[in-house]
Amino acid sequence: MRSPIAAHGATPAAAEENVWLRRYAEVPAPAHRLVCFPHAGGAASAYLPFARRLAEAGIEVYAVQYPGRQDRRHEPFATTVGELAEGVLPELLRVLEAADGIPLSLFGHSMGATTAYEVARLLHHTGAARPEHLLVSGRRGPTVERRDTVHLLGDRELIEEVRKLQGTDPSVFADEELLRMVLPVLRADYLVAGRYRHAPGPCLDLSLTVLTGDADPNVGLSEARAWREATTADTALHVFPGGHFYLQDQREAVCRTIEETLSDGNNRAR
């Protein structure tokens, strides 16, 4: 997850599973499946290194590809988190139906955490299926109210906001052509994140794990702890050294946390 910017022309390293989901490392007999939702400006390929590492632990990763980027660059951008959640839901249900009892969990970073949460709510409220676990990273709890207006900034100011998060190779900012390609993606995703307002409704009843960086300028520890209001089940908080994109430098530790969390869930299921 080296960069929060998804280049328009990049192509995933593996063949498509379907429109919304990508599988970069197939696991012959997975112990668990994990659906991963990218951050604002990100794409499914951000999870390629995680998919390869978690495959070693028997966890098969499906990464979500939002419209408007990479091989979906000709499609219109989503305008709300709800639109993203409802868009991926049918294909996610097909994965669940074909899972043959293999547990499935959701993971999301930043805007992806909110989207994963709303997908979990859809699954919960429809009663069609139930994920085993929800893991959220780099995002305040959904009930924390804060007005995000990054999408209203001019191009130069928007780039500076992205630069402050320290998750992008500095050479990206020097490439004017690339910036012209990715700025619409960033602006569209920040608009989606900024528009999000938590709708009242029943709490989830599944275990929830929160991951955050101790120096994240966007998420304070109290805001990360607010995720416990989203579920009636157990909630765990893991704090890692680093800022908003702590999981770049802490990839191995994050993968171990995911591995241990899902392993505990598998043991409880038995």
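Scroll up a little and you will see the structure.
From a predicted model like this one, the values you see are computed outputs, not experimental measurements. Every chain begins its residue count from 1, and numbering advances along the sequence as written. Given that the model is predicted, a residue must reach a pLDDT of at least 70 before its local features are reported, and side-chain atom pairs must reach 80 or more before they are shown or counted; all residues, however, enter totals for whole chains, interfaces and linings. Excluded from the side-chain calculations are hydrogens and water; all other atoms, namely the structure's heavy atoms, are used.

S.K.: Sorry if this is basic, but what is going on with the overall build of the protein here?
M.R.: Secondary structure elements follow DSSP: runs of H or I no shorter than four residues count as helices, runs of E no shorter than two count as strands, and numbering proceeds from the N terminus. Each helix and strand counted, the protein has nine helices and seven strands in total. Partly exposed residues are those whose accessible area sits between 20% and 50% of the maximum for their type, while under 20% is buried and over 50% is exposed, using a 1.4 Å probe and protein chains only. The burial tally for the protein puts 56% of its 270 residues in the buried class. Considering only contacts in the protein between residues 6 or more positions apart, those separated by 24 or more positions represent 83%. Where accessible areas are quoted, they stem from the Shrake-Rupley method and a 1.4 Å probe; at the residue level, only the protein chains shown are allowed to cover. Of the roughly 11,700 Å² of accessible surface on the protein, a fraction of 48% belongs to carbon and sulfur atoms. Note on contacts: a residue pair qualifies if any of its non-hydrogen atoms lie within 4.5 Å across the two residues.

S.K.: Can you help me understand the nonpolar core in this one?
M.R.: Across soluble globular proteins, you tend to see nonpolar side chains buried next to one another. Residues V35, F37, L106 and L134 are the most contacted members of the largest nonpolar core, which totals 40 residues. Where this core is concerned, the elements lending two or more residues are β2 (32-37), β3 (59-64), α2 (81-97), β4 (104-109), α3 (111-126), β5 (133-137), α6 (176-195) and β6 (207-213). With near-sequence residues (within four places) excluded, V35 lies in contact with L21, Y62, V64, L92, L104, S105, L106 and F107. In these notes, a set of buried Ala, Val, Leu, Ile, Met, Phe, Trp, Tyr and Cys residues joined through side-chain atoms within 4.5 Å is what counts as a nonpolar core.

S.K.: Just to check I follow, could you spell out the packing of aromatic side chains for this structure?
M.R.: Between two aromatic rings, the relevant description is the distance of the centres plus the angle of the planes. Only rings of Phe, Tyr and Trp enter the pairing, Trp through its six-membered ring, and a pair is recorded when the two centres are within 6.5 Å. The plane angle decides the type: under 30 degrees is stacked, over 60 is edge-to-face, the rest tilted. Enumeration over the complete set of coordinates arrives at four aromatic pairs. With a centroid separation of 6.0 Å and an interplanar angle of 65°, the aromatic rings of Y47 and F50 are classed as edge-to-face. With relative accessibility at 3%, the residue F50 sits in the buried group. Here a set of aromatic residues connected by ring pairs shows up, and it is made of Y47, F50 and F107. Think of it as a cone above the ring: NZ of Lys or CZ of Arg counts as a charge over the ring if it is within 6 Å of the ring centre and within 35 degrees of the ring normal. Its end group placed over the ring of W20, R72 keeps NZ or CZ at 4.3 Å from the ring centre. Directly above the ring of F50 sits R251, whose terminal nitrogen or CZ lies 5.7 Å from the centroid.

S.K.: So what exactly am I meant to see when it comes to the sheet that holds β3 here?
M.R.: The strands making up a sheet associate through hydrogen bonds between their backbones, and the pairing can be parallel or antiparallel. If you walk across this open sheet you meet the seven strands as β1-β3-β2-β4-β5-β6-β7, and the pairing is mixed. With one partner strand each, in any of the chains shown, β1 (21-22) and β7 (235-240) form the two edges of the open sheet. Only when DSSP finds a minimum of two bridges between them are two strands counted as paired. Bridging between β1 and β3 involves two bridges; their strand directions are antiparallel. Note on β3: the bridge partner recorded for L21 is V64.

S.K.: Could you clarify how one ought to interpret the pattern of salt bridges in this entry?
M.R.: Between side chains of opposite charge, a pair can form as their charged atoms come close. For this document, the term salt bridge refers to a Lys or Arg side-chain nitrogen within 4 Å of an Asp or Glu carboxyl oxygen. Under the definition given, this model contains twelve salt bridges. Among the salt bridges present, the one from R94 reaches E91, with a minimum N-O distance of 3.9 Å. With R94 and E91 both in helix α2, this residue pair falls three residues apart, about one helical turn. Across the pair R256 and E252 runs a salt bridge whose closest N-O atoms are separated by 3.7 Å. Of the two residues, R256 and E252 are both situated in helix α9 (residues 251-269); the distance of four residues between them amounts to about one turn of the helix. Through salt bridges with shared partners, one network takes in R23, E26, R33 and E60.

S.K.: What is the right way to look at the side chain of T261 in this model?
M.R.: Turning to its location among the elements, T261 is positioned in helix α9. The class for T261 is buried, based on a relative accessible area of 10%. Separated by 2.7 Å, the side chain of T261 and the backbone oxygen of T257 make a polar contact. In this view, T261 contacts H133, L135 and T209; residues no more than four positions away in its chain are not counted. Whenever a nitrogen or oxygen atom comes within 3.5 Å of another N or O atom, the pair is scored as a polar contact, on the condition that within protein one atom can donate a hydrogen and the other can accept it, and that pairs from neighbouring residues in sequence are kept only if both atoms are in side chains.

S.K.: Before we go on, may I ask you to explain the side chain of R72 in this structure?
M.R.: Within the secondary structure layout, R72 lies in the loop between β3 and α2. Each residue touching R72, except ones within four places of it in the same chain, is listed here: V19, W20, R22, Q65, Y66 and P67.

S.K.: How should the pairing of β6 be read in this particular structure?
M.R.: Regular strands place their side chains on alternate faces of the sheet. In terms of burial, β6 is largely enclosed, as seven of its seven residues are buried. Here β6 shows a buried face lined by S207, T209, L211 and G213 and a second buried face lined by L208, V210 and T212.

S.K.: I would appreciate a short explanation of helix α4 (residues 155-164) in the present structure.
M.R.: In an α-helix, one turn spans 3.6 residues, which is why side chains three or four residues apart end up on the same side. Among all positions of α4, only L158, I159 and V162 are buried. End-on, the buried residues of α4 take up no more than an arc of 100°, which puts them together on one face. Turned more than 90 degrees away from the buried face of α4 sit R156 and K164, all of them exposed. Of all possible arcs, the one meant is that of the directions from the helix axis to the C-beta atoms.

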